[in-house]
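# Breakdown of the fold
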Amino acid sequence: MEASHLIKRYSIGQRQFERADLREAQLPEVNLNSICLNCADLTWANLSQANLEQATLVGAMVWRAHLSWINLHQADLCRALVLRSCLTFANLTEACFQQADLRLSDFRQANLQGANLQGAKLCFADLSGADLSHADLSGADLTGAILHGVNWHGVCLEGTIPQSTVPSVLV
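Residues numbered from 1 in each chain as written. Predicted model: local features only at pLDDT ≥ 70, side-chain atom pairs only at ≥ 80, totals over all residues. Heavy atoms only, no water.

### Focus on the pattern of salt bridges
On inspection of all chains with the given rule, the structure shows five salt bridges. Note that Arg103 and Asp101 form a salt bridge whose closest N and O atoms lie 2.7 Å from each other. The exposure class assigned to Arg103 is partly exposed, which follows from its relative accessible area of 36%. Arg108 is the salt-bridge partner of Asp106, the closest N and O atoms lying 2.6 Å from each other. Using a relative accessible area of 16% as the deciding quantity, one classes Asp106 as buried. (Salt bridge = Lys/Arg side-chain N within 4 Å of Asp/Glu carboxyl O. Buried < 20%, exposed > 50% of the residue type's maximum accessible area, 1.4 Å probe, protein only.)

Structure (structure tokens):
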């Protein structure tokens with residue numbers, strides 16, 4: 001599906017785009033509030049500065065996507081594959097990444113306040129300067145994650161792997 005076709009259909013009220021093929025789509029700064037992109041392919045897509053507030057991307061393939069400054073407030077990315085993607089300065093507040101694969105992604109300076117990251121794979125992800133306050137990382141895998149300057153206030157870390165990566169005052 002071409003990006004222009006999606007935008008046109010969205011503008012007339014369509015919100016369901018399950019399994020959409022949006023590989024390499026150029027959608028910067030677009031407003032797709034409450035869109036459903038479950039199981040969509042967003043490989044190499046550019047959604048920088050886009051508004052996907054309350055969007056559903058359950059099981060979506062988001063590989064090597066450019067998502068810096070994106071608004072995914074209260075979005076559902078449960079079981080999504082967000083691999084090697086750039087989410088710097090993203091608004092991910094109260095988003096659900098439960099069981100999502102976020103390996104090698106860049107979350108520098110991202111706002112993850114209240115996010116659900118239960119069972120997420122954050123292996124080798126860069127979370128430098130990210131705000132994880134009140135996020136739930138129960139059972140998340142932080143193996144090799146870069147965690148410099150993370151805001152850990154009120155974070156749930158029960159069963160986080162490995163425990164040695166999180167500050168000792170939190171365990």
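Moving on from the model shown.
### What about the packing of aromatic side chains?
How two aromatic rings sit relative to each other is set out by the distance from centre to centre and by the angle between their planes. On inspection of all chains with the given rule, the structure shows two aromatic pairs. Ring centres of Trp69 and Phe89 lie 4.6 Å apart, and the angle between their planes is 5 degrees; on these two criteria the pair is classed as stacked. Residue Trp69 is located in the segment after helix H1 (3–11), and its partner Phe89 is located in the segment after H1; the two are separated by 20 residues in the primary sequence. Classification of Trp69 by relative accessible area gives exposed; the value is 51%. (Phe/Tyr/Trp six-rings, centres within 6.5 Å; stacked < 30°, edge-to-face > 60°. Helix = DSSP H or I, 4+ residues; strand = E, 2+ residues; numbered from the N terminus.)

### Notes on the state of the cysteines
Tallied over the entire structure, the rule returns zero disulfides. For Cys123, which is in no disulfide, the shortest distance to another cysteine sulfur is to Cys78 and amounts to 17 Å. With no disulfide of its own, Cys156 lies 14 Å from the sulfur of Cys96, the closest cysteine sulfur. The class for Cys156 is partly exposed, based on a relative accessible area of 30%. (Disulfide = S-S within 2.5 Å.)

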